[in-house]
Amino acid sequence: MIELKLREVKKDLSTKELKVSEYIIANTQALKNMSIQTLAKHNHVSTTTILRLCNKLGYKGFSDFKVDLIGSIPQKLSTEILQDDINLNDSLEEVNSKVQAMEKSSIDETHSIVNTHALNSAIELIIKSNKIVIFGVGSSGLVGKEFEYQLIKIKKDVNCHFDAHISRSLISTLDKNDLVIIISHSGETPECVDLLKLTGQSSVPSIAITKMGQSQISSLASFVLHTTSMEHASRLIPVRSKISQISVINMLLTNLFIRKYDERLLQQTQNREKRKYPRYTQK
């Protein structure tokens, strides 16, 4: 438990580090949505102070600390609970309110853990890649399919198939100038792991969109973009993981459209407006 670790190292903490540790203990729930910059601002300290505290607790950095923190937050156990805080006896309004809260927290958590260096590297890889293969299983595959559709808009040669055998055949034709994007919440999906191993054998760059923490997929990919890790693998409805994956995809796509924006995309936007509102665009 985080609280136990903080108490064990208390005597070795500086005044500022002790102040931050006390804030963490008192605000554990709120901290899961905070970035290191926000935590530093709330405690009037530098991010270096927080990183020193994380190191004294045995973590490599703030991201590793947050993974352990989120995992240590106790979850309510009941036969009446469907998942998270949604109860089988909840009313329509209660369910809708809780789903909204889950979606909001998932977006906040995803943005708080984004690694801007990895995100920028992923954007550059997508831009310069000749061919792109996207793969995911279940709801992750559906997110991949949406990503494929949006990349086609900026004229990328991209394929997303739900069949792992077809994806394997496609990846076998790629080289170092191409790219493989794997989407997996657990980071341990067997089909995804096998495809990344094949990717590595062919020296094809890869991007993994997966939850925080150590996993086979995060260790095999060239770059990793993290999603929230709070949702359990046994969840019935992948609300948090899907919203988190979509948030990462939207960050990638928005930056891609900005960097690839030119006269051709401008014309494409204008043509769409003409088709949608012909009476107002014709002069």
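Residues numbered from 1 in each chain as written. Predicted model: local features only at pLDDT ≥ 70, side-chain atom pairs only at ≥ 80, totals over all residues. Heavy atoms only, no water.

A few points about the packing of helix α7 (residues 92-112) against helix α13 (residues 239-260)
Contact pair α7 / α13: the axes reach a minimum separation of 9 Å and the direction vectors enclose 45°. Relative to α13, α7 is oriented oblique. For the pair α7 and α13, the sense of crossing is right-handed. For the pair formed by α7 and α13, the contact residues are M102, E103, S105, S106, I107, E109, T110 and H111 on the first element and V239, R240, I243, S244, S247, V248 and M251 on the second. Across the contact of α7 with α13, the residue classes break down as six nonpolar, six polar and three charged. (Axes fitted to C-alpha atoms, helices over the stretch in contact; angles between N-to-C directions. Helix = DSSP H or I, 4+ residues; strand = E, 2+ residues; numbered from the N terminus. Parallel < 35°, antiparallel > 145°, perpendicular 65-115°, else oblique. Left-handed = near helix turned anticlockwise from the far one by under 90°. Contact = heavy atoms within 4.5 Å. Nonpolar A, V, L, I, M, F, W, Y, C, P; charged D, E, K, R; others polar.)

Comments concerning the side chain of Q150
Structurally, the position occupied by Q150 is in helix α9 (residues 139-153). What makes Q150 buried here is its relative accessible area of 13%. Leaving out residues up to four positions away in the same chain, Q150 has contacts with L253 and F257. (Buried < 20%, exposed > 50% of the residue type's maximum accessible area, 1.4 Å probe, protein only.)

Considerations on the pattern of salt bridges
A full pass over the atoms with the stated rule returns five salt bridges. The salt bridge partner of R52 is E17, with a shortest N-O separation of 3.3 Å. Taken together, the residues R52 in helix α5 (residues 47-56) and E17 in helix α2 (residues 15-26) connect sequence positions 35 residues apart. A relative accessible area of 40% means that R52 is categorised as partly exposed. Given the relative accessible area of 1%, E17 is considered buried. Residue K145 pairs with E148 through a salt bridge whose shortest N-O separation is 3.0 Å. Note that K145 and E148 are positioned in helix α9 at a spacing of three residues, about one turn of the helix. A cluster of three or more residues bridged by salt bridges with shared partners is formed by E17, R52 and K56. (Salt bridge = Lys/Arg side-chain N within 4 Å of Asp/Glu carboxyl O.)

Considering the packing of α9 against α13
Geometrically, a packed helix pair is captured by the angle between its two axes and the distance between the axes. The N-to-C vectors of α9 and α13 enclose an angle of 10°; their axes lie 10 Å apart at closest approach. By the criterion of interaxial angle, the relationship of α9 to α13 is roughly parallel. For the crossing formed where α9 meets α13, the hand is right-handed. Facing S139, S140, V143, F147, Q150, L151 and K153 of α9, the residues of α13 in contact are K242, Q245, I246, I249, L252, L253, L256 and F257. In terms of residue class, the contact of α9 with α13 is made up of nine nonpolar, four polar and two charged.

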